[in-house]
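# Survey of secondary and tertiary structure
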Amino acid sequence: MSIDAGTPTTLRFGPLTIAYDDRVLVPREWTTLQSHWAQELLASAPEGPVLELCSGVGHIGLLAVDGTDRLLVCVDQNPVACDFARQNARAAGREELVDVRNIALQSLAEDEAFPLIIADPPWVSSDDVHRFPEDPVLAIDGGSDGLALARACVTVIDGHLHERGAALVQLGSVEQARQLGSDLPPSLVLGEVREHADGVVALLTRPGSR
């Protein structure tokens, strides 16, 4: 599927110009919180690429690695979102540093490890998606409790996070973060949760790594 099928528009996301259309989720300005936190973590993170799960049009990951020479790997199941992520990487001058993969979350190679993983899963419960008619259902439907895709991201994080790495997961509320934290495998721990009026970002690490 090509982005030519829609009517693209752009917005500013930090210093970046991000393209999208109505077939994908409109980038939310508040999510720069996740990007800026990622920048903080990258300052002392081990070497290696950054992984963004449920990356959409790539804006959060692109801002996270802006000003660095880190490779960014974007994973999303929506081919339209992936096309926009590639376009946005080119616009940011990072075409050679961004690997956009239109694959399922579980399709990463077993030996791939990342010092920083960003996850932006849908977190609206299936019963509530009707409240957001302007948003594509695929981009916001998080299952019966809003955490189905977040749990899938945790599985990927557990399998691919560097032993001294960190993961930032976007969710809808502190309550969701606590619920996700209670379901974590013993090889991951929930750390700080940063709040915004429109959502939260939760830090996951390996036990004793930070």
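For the structure, check the block above.
First, a word on scope: everything that follows refers to the structure included in this document. (Residues numbered from 1 in each chain as written. Predicted model: local features only at pLDDT ≥ 70, side-chain atom pairs only at ≥ 80, totals over all residues. Heavy atoms only, no water.)

Broken down by element type, the protein chain carries six helices and nine strands. Whereas a compact globule of 210 residues would reach a radius of gyration of roughly 17 Å, the protein chain reaches 16 Å, a difference of no more than 12%. Buried residues in the protein chain amount to 51% of all 210 residues. Sequence separation of at least 24 residues holds for 67% of the intrachain contacts in the protein chain that already meet a minimum separation of 6. For the protein chain, the accessible surface area stands at approximately 9500 Å², while carbon and sulfur atoms represent 49% of it. Taken as two groups, the 15 positive and 31 negative side-chain charges of the protein chain have centres that lie 4 Å from each other. (Helix = DSSP H or I, 4+ residues; strand = E, 2+ residues; numbered from the N terminus. Rg over C-alpha atoms; globule rule 2.2 N^0.38 Å. Buried < 20%, exposed > 50% of the residue type's maximum accessible area, 1.4 Å probe, protein only. Contact = heavy atoms within 4.5 Å. Areas by Shrake-Rupley, 256 points an atom, 1.4 Å probe, with all protein chains shown as cover. Lys, Arg positive; Asp, Glu negative; His and termini not counted. Charge placed at Lys NZ, Arg CZ, Asp CG, Glu CD.)

In this section: the sheet that holds strand E6 (residues 114–119). Sheets are built from strands paired through backbone hydrogen bonds, the pairs being either parallel or antiparallel. Spatial ordering of the open sheet is given by E5-E4-E3-E6-E7-E9-E8, a layout of seven strands whose pairing is mixed. Since the sheet does not close on itself, it has two edges, and those belong to strand E5 (98–101) and strand E8 (189–196), each with one partner. Strand after strand, the sheet turns through a mean of 15° between neighbouring axes, direction not considered. One ladder, built from four bridges, connects strand E3 (residues 50–53) with strand E4 (residues 72–75); its direction is parallel. Pairing of Glu52 across the sheet is with Cys74, part of E4. Along the sheet, helix H1 (residues 32–42) contacts E3, E6, strand E7 (161–171), E8 and strand E9 (199–205); its crossing angle with E7, the most-contacted strand, is approximately 165°. Seen against the sheet, helix H5 (residues 148–160) touches E3, E6, E7 and E9 and runs at an angle of roughly 165° to E7. (Pairing = 2+ DSSP bridges. Axes fitted to C-alpha atoms, helices over the stretch in contact; angles between N-to-C directions.)

Before going further, it helps to spend a moment on the environment of Leu204. Relative to the assigned elements, Leu204 resides in strand E9. The sequence separation of Leu204 and His36 amounts to 168 residues, and the corresponding C-alpha distance is 16 Å. Setting aside residues up to four positions removed in sequence, Leu204 forms contacts with Val154, Ile157, Leu161, Ala166, Ala167, Val169, Leu184, Val189 and Leu190.

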